[in-house]
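# Geometric and topological summary
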Amino acid sequence: MLPLLLACAAVPATAAAPPNPQIDYAGYRQLANEVEGYRQTRLISWDDFVTAAAEPDVLILDARTARQFAAGHIEGAVNLPLPEFSEESLAAVIGRTDRPILIYCNNNFRNDVQPVVLKSMPLALNLSTFVHLVGYGYRNVRELSDVMDFNDPQVRWVTGGGYTP
């Protein structure tokens, strides 16, 4: 046992690598916590989603991948995948920060087939999309709260072809 202890003591302690100054996990957690209560006030039913979508200047934003969007999406939606969010890309797609935005994700559909395979509930795309939009200054966001069947004619699901992984 003594040789093992001596060997461990002889190994120099390595200093932890400095954190990446361009990544702020604590800041993200803080933003998500701050947004949580606000998000609860911005959840809307399917009927309210449809009514809001008919209002002038409202944008339906689909933050799924371009391939998923091309395979199927709600009619009238515009695609900007979440990994492509930046001040510039959001401004180009959305424009002014007070523009009304409606969001939905895979977990708003019960079908659980491509292109809307269910995600782990804590990782549902709506959560990150909402936090990111508010973090970039877009506060006029409403999120679909209902679970729908995309084959239901009232959803007005547009198919653009098969999904290829």
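Quick note: structure is the one above.
Residues numbered from 1 in each chain as written. Predicted model: local features only at pLDDT ≥ 70, side-chain atom pairs only at ≥ 80, totals over all residues. Heavy atoms only, no water.

### Notes on unusual backbone geometry
Test applied: Numbered from the N terminus, helices here are DSSP runs of H or I no shorter than four residues, and strands are runs of E no shorter than two. Note on exposure labels: buried denotes an accessible area under 20% of the residue type's maximum, exposed denotes more than 50%, and partly exposed covers the range between, all computed with a 1.4 Å probe on protein chains only.
Of note, the amide linkage connecting glutamine 114 to proline 115 takes the cis form, showing an omega dihedral of 10°. Structurally, proline 115 is set in the loop between β5 (101–104) and α6 (125–135). Although it is not a glycine, aspartate 112 sits at a positive phi angle of roughly 55°. Position of aspartate 112 relative to the elements: it lies in the loop between β5 and α6. Unlike most non-glycine residues, arginine 156 shows phi in positive territory, near 55°. Mapping arginine 156 onto the fold places it in the loop between β6 (141–144) and β7 (157–158). Accessibility expressed as a relative area gives 35% for arginine 156, which makes it partly exposed.

### So, the sheet that holds strand β1 (residues 43–44)
How we decide: Strands were regarded as paired on the criterion that DSSP finds at least two bridges between them. Any two residues whose heavy atoms approach within 4.5 Å at even a single point are treated as in contact. As a rule, the C-alpha atoms of each element are fitted with a line to give its axis, helices using only the stretch in contact, and angles between N-to-C directions run from 0 to 180 degrees.
With parallel pairing, the 5 strands of this open sheet are ordered in space as β1-β6-β5-β2-β4. The strands lining the two open edges of the sheet, one partner per strand, are β1 and β4 (78–79). Strands β1, β2 (59–62), β5 and β6 of the sheet are contacted by helix α3 (residues 46–53), whose axis makes an angle of about 140° with β5. Set on the sheet, helix α5 (residues 87–94) makes contact with β2, β4 and β5; between it and β2 the angle comes to about 140°.

### Looking at α5
Every α-helix winds through 3.6 residues per turn, so residues three or four apart in the chain are directed the same way. What counts is decided by this rule: For this quantity, the arc is that covered by the directions from the helix axis to the C-beta atoms.
Along α5, the residues classified as buried are Ser89, Leu90 and Ile94. An end-on view of α5 places all buried positions within 105° of arc, on one side of the element. Structural note: α5 exposes Glu87, Glu88 and Ala92 on the side pointing more than 90 degrees away from its buried face. Those residues of α5 hidden inside the fold are in contact with β2, β5 and α6. Just downstream of α5, glycine 95 is the residue with a positive phi angle, here 85°.

### Things to note about the nonpolar core
Selection criterion: What we call a nonpolar core is a set of buried Ala, Val, Leu, Ile, Met, Phe, Trp, Tyr and Cys residues that are connected through their side-chain atoms within 4.5 Å.
By size, the foremost hydrophobic cluster in this structure holds 20 residues, and its most contacted members are Leu61, Phe85, Leu90, Ile94, Ile101, Ile103 and Leu133. Among the secondary structure elements, those contributing two or more residues to this core are β2, α5, β5 and α6. Here this core gets 5 residues from one element, more than from any other, and that element is α6. Not counting residues within four places of it along the chain, the set of residues in contact with leucine 61 comprises Val78, Leu80, Phe85, Val93, Ile94, Ile101, Leu102, Ile103, Tyr104 and Leu133. Core analysis: the next-biggest nonpolar cluster, separate from the first, contains 18 residues, Ile44, Phe69, Val116 and Trp157 among them.

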